[in-house]
Amino acid sequence: MAKTQLGARVDDEIAELARARAKDRGVSLGDYIASLVRDDADGMRRRGLDAARRFLDEHQALFDEAEDAGQRPAGAHAA
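Model, not experiment: these values are computed from the prediction.

J.: Tell me about the overall build of the protein chain, and please be specific about residues and values.
T.: When its secondary structure is counted, the protein chain shows 2 helices and 0 strands. Looking at the 79 residues of the protein chain, the share that counts as buried comes to 8%. Only carbon and sulfur atoms are counted for the fraction: they give 54% of the accessible area of the protein chain, which is about 7,500 Å².

J.: Talk me through helix H2 (residues 29–70); I want residue IDs and the actual numbers.
T.: In H2, a bend of some 65 degrees at histidine 59 exceeds every other bend along the element. Considered for burial, the residues of H2 that qualify are Tyr32, Ser35 and Gly43. On its buried face, H2 is in contact with helix H1 (12–25).

J.: Residues and numbers for the packing of aromatic side chains, please.
T.: A full pass over the atoms with the stated rule returns 1 aromatic pair. Here phenylalanine 55 and phenylalanine 63 contribute two aromatic rings whose centre-to-centre distance is 6.2 Å and whose plane-to-plane angle is 65 degrees, an arrangement assigned as edge-to-face. We classify phenylalanine 63 as partly exposed; its relative accessible area is 41%.

J.: Residues and numbers for a negative patch on the surface, please.
T.: A cluster of acidic residues, Asp64, Glu65, Glu67 and Asp68, forms a negative patch on the protein surface. Within the secondary structure layout, glutamate 67 lies in helix H2.

J.: Please give an account of a nonpolar patch on the surface that cites residues and values.
T.: Taken together, the side chains of Val10, Ile14 and Leu17 present a nonpolar region at the surface, about 270 Å² in accessible area. Its place among the elements puts isoleucine 14 in helix H1.

J.: An account of the pattern of salt bridges is needed here, citing residue identities and associated values.
T.: For the coordinates displayed, the defined rule picks out 4 salt bridges. For arginine 19, the salt bridge is made with glutamate 16, and the minimal N-O distance between the two is 2.8 Å. Placement of the pair is arginine 19 and glutamate 16 together in helix H1, with a separation of 3 residues, close to one helical turn. The class for arginine 19 is partly exposed, based on a relative accessible area of 44%. Residues aspartate 57 and arginine 53 are paired through a salt bridge, measuring 3.6 Å at the closest nitrogen-oxygen approach.

Procedures and definitions
- Residues numbered from 1 in each chain as written.
- Predicted model: local features only at pLDDT ≥ 70, side-chain atom pairs only at ≥ 80, totals over all residues.
- Heavy atoms only, no water.
- Helix = DSSP H or I, 4+ residues; strand = E, 2+ residues; numbered from the N terminus.
- Buried < 20%, exposed > 50% of the residue type's maximum accessible area, 1.4 Å probe, protein only.
- Areas by Shrake-Rupley, 256 points an atom, 1.4 Å probe, with all protein chains shown as cover.
- Bend = angle between axes of the 7 residues up to and from the residue.
- Contact = heavy atoms within 4.5 Å.
- Phe/Tyr/Trp six-rings, centres within 6.5 Å; stacked < 30°, edge-to-face > 60°.
- Patch = residues over 30% accessible without salt bridge, like charges linked within 9 Å, V, L, I, M, F, W, Y side chains within 5 Å.
- Salt bridge = Lys/Arg side-chain N within 4 Å of Asp/Glu carboxyl O.
- Lys, Arg positive; Asp, Glu negative; His and termini not counted.
- Charge placed at Lys NZ, Arg CZ, Asp CG, Glu CD.

Shown next as structure tokens:
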């Protein structure tokens, strides 16, 4: 996989903390930062899927009703 160099300015405290955490995990600083970004992106996906599930749970009856209305025989009307 191709690598791209990024530059970021952070407080000295954050830089030292990031280096220490990477060392604790036995990975490079770049790999540690990449794992943080992946974890964040996965979390966003999970939150999006959870929101979609809640939406469907709340509104499924409306979708079912619309689908049922589309399956009525031609000429059938509600009274």
